[in-house]
Every structure is written in C-alpha cells, then in structure tokens.
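If you want the building blocks of each chain, they are given just below.
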Amino acid sequence: MTDDEQQLAALLNDLPGHEDAQFWRGLKEAAGIYRIRSTMSSAVQEAQDGDFEPLAEFVLDVFNRDSRLKDITTALATHLGSTLRARAWITDAIAAADRVNRTNVEDPLDALTNKW
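Overview of the structure.

Parameters and conventions
- Residues numbered from 1 in each chain as written.
- Predicted model: local features only at pLDDT ≥ 70, side-chain atom pairs only at ≥ 80, totals over all residues.
- Heavy atoms only, no water.
- Helix = DSSP H or I, 4+ residues; strand = E, 2+ residues; numbered from the N terminus.
- Buried < 20%, exposed > 50% of the residue type's maximum accessible area, 1.4 Å probe, protein only.
- Contact = heavy atoms within 4.5 Å.
- Areas by Shrake-Rupley, 256 points an atom, 1.4 Å probe, with all protein chains shown as cover.
- Lys, Arg positive; Asp, Glu negative; His and termini not counted.
- Charge placed at Lys NZ, Arg CZ, Asp CG, Glu CD.
- Phe/Tyr/Trp six-rings, centres within 6.5 Å; stacked < 30°, edge-to-face > 60°.
- Patch = residues over 30% accessible without salt bridge, like charges linked within 9 Å, V, L, I, M, F, W, Y side chains within 5 Å.
- Salt bridge = Lys/Arg side-chain N within 4 Å of Asp/Glu carboxyl O.
- 1 Å grid on protein atoms, 1.4 Å probe; cavity = no way out; pocket = protein on both sides within 12 Å on 5 of 7 lines; lining within 4 Å.
- Points joined across faces, edges and corners; volume = space filled by probe spheres on them.
- Nonpolar A, V, L, I, M, F, W, Y, C, P; charged D, E, K, R; others polar.

## Describing the overall build of the chain
Phase 1 of the analysis: The number of helices and strands found in the chain is 7 helices and 0 strands.
Phase 2 of the analysis: Scanning the chain from its N terminus toward the C terminus, one meets helices and strands in the order α-α-α-α-α-α-α.
Phase 3 of the analysis: By its C-alpha atoms, the chain is 45 × 30 × 25 Å across when sized along the principal axes.
Phase 4 of the analysis: Here the chain, with 116 residues, has 34% of them falling under the buried criterion.
Phase 5 of the analysis: Sequence-distant contacts, at least 24 apart, represent 63% of the contacts inside the chain between residues at least 6 apart.
Phase 6 of the analysis: Split by element, the accessible area of the chain, about 7,400 Å² in all, is 47% carbon and sulfur.
Phase 7 of the analysis: Charged side chains of the chain number 12 positive and 20 negative; the gap between the two group centres comes to 11 Å.

So this is what it looks like as structure tokens:
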C-alpha cells in the first residue's frame, strides 16, 4: 500500500460504517448519488484486494461536486463535528484520491512527451 492509499483509507475510516444508514442516506441525498453505501462497500472490498482506484473514484464522484459542496459539507459536519472539519476532510480526501488515481496511470513524463 502506498502512502497515498494509506492516507485515503485513513480519511475514509473517519466516516461511519455501513450500518449507519442515516449518515449514508444524508450523504446520498446531499451528493445526489444513488446506491452510495453499496458502491462504497464494493470499493472497500476492491481496495482490500489491492486495487484502490475504485475507492479513489468513489471519493471523487461523491465529494468533488462544486454544485453540491454546501450540502455535502453539511452532511459530513453532522458526523465530523463542524463545517470547518468537513471542508478540510473533503479537501484532504480529494487530494489523496487524485494522487491515488495518478499513481495508477502511465508515467506522467511519458504522457507529456507523447502529447508534445
């Protein structure tokens, strides 16, 4: 597991587990995403098998929504304790997910070289 994958897992571990339906229902409504708990569960299982890309994609799909940021922040704040903590958590989670996604692509210099 890379440092970025470990950070992403630690951040997601701050959220309630699968059995807290009320939290996940609120987050689903805030993000406007259907089947959020089952998607998270599948992504966690894939990460356990060593593939963190679905977990990173889950974070980006749910939390990287400018049009719904206020609602998502409010839903997270109910669990994390404050809006400020929720905003910081979202920023950290998106950054970690971006880094995980970039580690699963071809060498960035090779990609840049191919473009130019």
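Anyway, onward from the coordinates.
## Details of the environment of Leu-12
Phase 1 of the analysis: Assignment of secondary structure puts Leu-12 in helix 1 (residues 3–13).
Phase 2 of the analysis: Judged by relative accessible area, which is 7%, Leu-12 ranks as buried.
Phase 3 of the analysis: Taking the C-alpha atoms as reference points, Leu-12 and Val-62, 50 residues apart in sequence, are found 12 Å from one another.
Phase 4 of the analysis: The residues touching Leu-12, leaving out its near neighbours within four places in the chain, are Met-40, Leu-55, Val-59 and Trp-89.

## Digging into the packing of aromatic side chains
Phase 1 of the analysis: Counted by the stated rule, this structure contains 2 aromatic pairs.
Phase 2 of the analysis: Here Phe-23 and Trp-24 contribute two aromatic rings whose centre-to-centre distance is 5.2 Å and whose plane-to-plane angle is 85°, an arrangement assigned as edge-to-face.
Phase 3 of the analysis: Residue classification places Phe-23 among the buried positions, given a relative accessible area of 7%.
Phase 4 of the analysis: Considering the side-chain rings of Phe-63 and Trp-89, the 4.9 Å spacing of their centres and the 65° angle between planes classify their relative orientation as edge-to-face. Remark: Trp-89 occurs in helix 6 (residues 83–103) and Phe-63 occurs in helix 4 (residues 53–63); sequence separation between them is 26 residues. Each member of the pair Phe-63 and Trp-89 is classed as buried.

## So, a negative patch on the surface
Phase 1 of the analysis: Side chains of Glu-46, Asp-49, Asp-51, Glu-53, Glu-57 and Asp-61 sit close together on the surface and give a patch of like negative charge.
Phase 2 of the analysis: No other element matches helix 4, which puts 3 residues into the negative patch.
Phase 3 of the analysis: For Asp-49, the location among the structural elements is in the loop between helix 3 (36–48) and helix 4.

## Digging into the layout of surface pockets
Phase 1 of the analysis: Each pocket or cavity is described by its volume, and for the largest pocket that value is around 310 Å³.
Phase 2 of the analysis: Lining of the largest pocket is provided by 16 residues; of these, Leu-12, Asn-13, Met-40, Val-44 and Leu-55 occupy positions nearest its centre.
Phase 3 of the analysis: Among the elements of the structure, helix 1 and helix 3 are those that each provide at least two residues to the lining of the largest pocket.
Phase 4 of the analysis: Broken down by element, the residue count for the lining of the largest pocket peaks at 6 residues, all from helix 3.
Phase 5 of the analysis: When grouped by side-chain class, the residues that make up the lining of the largest pocket number 10 nonpolar, 5 polar and 1 charged.

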